[in-house]
Amino acid sequence: AADSKVSYVDVAIIGAGPAGCMALDVLSRYADQGLTVRCFDKRSAKLDNGQADGLNSRTLEIFENLGFIEKVQKEGSPMSEINFWNPDPATGRLTRTAKIPDTIPGLSRFQQTILHQTRVETHLLDDAKLHTKGRFSPERSMLPETLDLDEASANDPDAYPITLTVRHLSEEQSNPSAFKGETNGTRSGLFRSSLLSAAEEEKLYDTEGSAVVETVKAKYLVGCDGAHSWTRRQLGIRMIGDQTNRVWGVLDMVPLTNFPDIRMRCAVHSANSGSVMVIPQPEGLVRLYIQLPIQVKQGEYLDRSQITPESIMSTARKILHPYTLETDHIEWYTGYHIGQRMTESFGRANRIFLAGDACHTHSPKAGQGMNTSMQDTWNLCWKLASVLTGSAKPDLLRTYATEREVVAKTLIDFDTKFSKLFSGKPAAEADVEKDGVDLKEFKDVFATSHYFSAGMSISYGESSVASAQSKQQLAPKLVVGQRFFSAQVVSQASATADQLTTRTPFTGAWRVFVFPGDVSRTAEMERLRKLSAYLDSPESVVSKYTPSSRKRWDIIDVVTIHCAERTAVELYDFPQPSIFHPHKYDSVFVDGPSHYHGDGKAYEAYGISKEEGAIVVVRPDQYVALIAGLGDTDVLDAFFGEFMLPAPDGGYPASKVRTVAPPDWSQVAH
Ligand code: FAD
């Protein structure tokens, strides 16, 4: 008998994997504005081992932006070098043929790091709890049962067009014994693997006797429910792409070996026994990705009993022979076959969205799935929150699919090429044309793909939030549509040197970075005053789009980086309140030398001329949206006007901000 409890929520999230946890964390920053979110996961507990473990540099930059990078760095293992091992053409002996840095040095401030998916999910969830006093947290043992979208009311911003029913499962039902699957004492991840069909996985959840069904009415829904996505199937959205016949085994273990590079990331191709990728993990563990001597036919599922820790170890030994490989502890193992697929669309009616593995799957070896999944909801959720809190038009949400579909497609193309090169048998030069793999090409693909695998190659196309009206030449190294990178600056207020991105963490606000040049010169300071007069006016984008109930920098935060000598100007020389907020000392920075950390040379890093200056508008997710001249206030108006909605209460008048007058020296007797 169903209970008919009905509840209302702004956003429902299905699935608390990396994509769902990121969604919850980003949305948690808007909870103080009344945003309501619920996240349902059918499993009673979160993952406790195995699965993804590679965090790329871009994800780490996002974690810095969210404020918990130090914790991740402290726990994780940074990756420094990749070693390539191949059979010597003359002797067949396994030989180290190249060493390259893990990523291009200087590409990011953060080096790729290994940390288990479960820890990554924990950090995101802890952060979400921190920002909501524990309110935003996944509800586990909750199995969605039906999903209905009333497309007729999808254009009504006040409507709750989504109806979701959710069944409360018991602990037993949502943690079926299959999950605790062990083979000879080693924990198995096969129940989550691509070797299981969606139907087989669903059968694990016995709903018999679970009575309570709740009806949830939602404004938006995000399906983060993984490769077998229930949400996707409810919407009838198809996955398009291929499944290869190659089967891989994965295991995490503490090795005892005479192979010298076991604590390095390695790609090993043997002459006749397949290939292995070695990934060192924290706590003395090492992960092996091994191509198994098993094949599976298109559309068929493998007899999983063929994959055991022993079968994986035995193949690994053959690949590494004559190096030995023993272990007393295997932490976890699984198997998968490679499918490179993506959905024909990323959602429905601008109300339901798919994210993560629910809309793209590929092999895990390139280490991109968890990163891309989190970055999907990183892209989506500030947009969702902006619409729900009334600051942006719903059309903004269309940019989620246009931006992320291209990323998924690029990833799948890369993975197809990479997997083929990794899975193939090394070929003598003459055989490459047939089916062998040119190992030099493999290394070159690895090296040239660094920019991509670090997450740095994302370049969102022109849209309302990546403006074609930009004057790209004013900041040639900051590309519109690409991520805003950090440079060191010095606080005008405290003389402390810091990274610009550290000083501008994620708050949901847009950042308007103003580069006014050398403001110790009259003309430059005058130009800045003119900009400030516009920003202080009731018509400015800051005044118009910020509700008076919020802080003046909550929606659009103006941050100035000048390049005058720090001691040649005083904080109170800067116009108030739009350039220097007397309440917010982190609004004026210097590009110049610091006492302890050298000179960041920010103007040079961004390619900004000290004479001409620039305005760089950066989205809440840290992508460059617009580059304009210091006098281009009409461009700012047009840019924000395209997707923002004026504050219903008339906006935030600059006059509401308390300013500080300079000292009145005439009062001093002499
Ligand atoms: P998932 O992690 O699959 O999470 C989905 C969540 O939804 C789960 O919590 C599940 O319980 C829940 N759920 C599912 N169905 C329902 C339902 N009907 N109702 C309610 N809840 C539901 N990626 C990397 O970036 N780097 C790596 O190094 C890497 N290594 C990998 C190694 C292995 C062995 C594997 C298997 C994958 C690896 N990946 C890696 C890929 C990565 O694990 C996935 O891409 C990532 O987990 C996808 O995140 P997600 O949140 O989209 O989905």
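Cut-offs and rules
- Residues numbered from 1 in each chain as written.
- Predicted model: local features only at pLDDT ≥ 70, side-chain atom pairs only at ≥ 80, totals over all residues.
- Heavy atoms only, no water.
- Core = buried A, V, L, I, M, F, W, Y, C linked by side-chain atoms within 4.5 Å.
- Buried < 20%, exposed > 50% of the residue type's maximum accessible area, 1.4 Å probe, protein only.
- Helix = DSSP H or I, 4+ residues; strand = E, 2+ residues; numbered from the N terminus.
- Domains from an automatic or database assignment.
- Contact = heavy atoms within 4.5 Å.
- 1 Å grid on protein atoms, 1.4 Å probe; cavity = no way out; pocket = protein on both sides within 12 Å on 5 of 7 lines; lining within 4 Å.
- Points joined across faces, edges and corners; volume = space filled by probe spheres on them.
- Nonpolar A, V, L, I, M, F, W, Y, C, P; charged D, E, K, R; others polar.
- Buried area = accessible area lost by both parts, 1.4 Å probe.
- Near = heavy atom within 4 Å.
- Polar contact = N/O pair within 3.5 Å; in protein donor to acceptor, adjacent residues only side chain to side chain.
- Areas by Shrake-Rupley, 256 points an atom, 1.4 Å probe, with all protein chains shown as cover.

Draft legend 1. Examining the nonpolar core more closely. In terms of nonpolar packing, the biggest core is built from 112 residues, with Leu27, Phe63, Leu164, Leu384, Trp510, Ile556 and Phe640 touching the most fellow members. Tallying contributions element by element places helix H9 (residues 369–388) first for this core, with ten residues. Looking at which domains feed residues into this core, each of domain 1 (6–453) and domain 2 (472–665) gives three or more. Setting aside residues up to four positions removed in sequence, Phe640 forms contacts with Trp510, Val512, Val541, Tyr545, Ile556 and Val617. Membership of the second largest hydrophobic core comes to 29 residues, among which are Trp85, Ile294, Leu320 and Leu325.

Draft legend 2. Region of interest: empty space enclosed by the protein. This structure, assessed with the given rule, holds two cavities of 30 Å³ or more. There is about 80 Å³ of room inside the largest cavity. Forming the boundary of the largest cavity are 13 residues, of which Thr504, Arg511, Val618, Arg619 and Gln622 lie nearest the centre. Across the lining of the largest cavity, the residue classes tally to seven nonpolar, four polar and two charged. Roughly 40 Å³ of internal volume is contained in the second largest cavity. Lining the second largest cavity are Val542, Arg552, Trp553, Ile556, Val558, Ser578 and His581.

Draft legend 3. Representation of the domain arrangement of the protein in the model. Domain boundaries assigned for the protein yield domain 1 (6–453) and domain 2 (472–665). Relative to domain 2, the C-alpha centre of domain 1 lies at a distance of 38 Å. Opposite the 22 residues of domain 1 that make contact, domain 2 presents 22 residues. The junction of domain 1 with domain 2 conceals about 2,000 Å² of combined surface from both sides, 46% of it contributed by carbon and sulfur atoms. The three residues of domain 1 that bury the most area against domain 2 are Asn65, Trp382 and Lys393, which together make up 30% of that side's buried surface.

Draft legend 4. Structural context of the site of the ligand. In the vicinity of the ligand lie 35 residues, with Ala19, Asp41, Pro144, Asp357 and Met370 positioned nearest. Here an oxygen atom of the ligand and a side-chain polar atom of Arg43 are 3.2 Å apart. Between the ligand and the protein, one listed contact pairs an oxygen atom with a side-chain N or O atom of Asp53 at 3.1 Å. Protein chains shield 92% of the accessible area of the ligand, which is 990 Å² for the free molecule. Listed by contribution, the elements that provide at least two residues to the shell around the ligand are helix H1 (18–28), strand S2 (37–41), strand S17 (286–295), strand S18 (325–343) and H9. Examining the composition of the shell around the ligand, we find that four residues originate from one element, H9, more than from any other.

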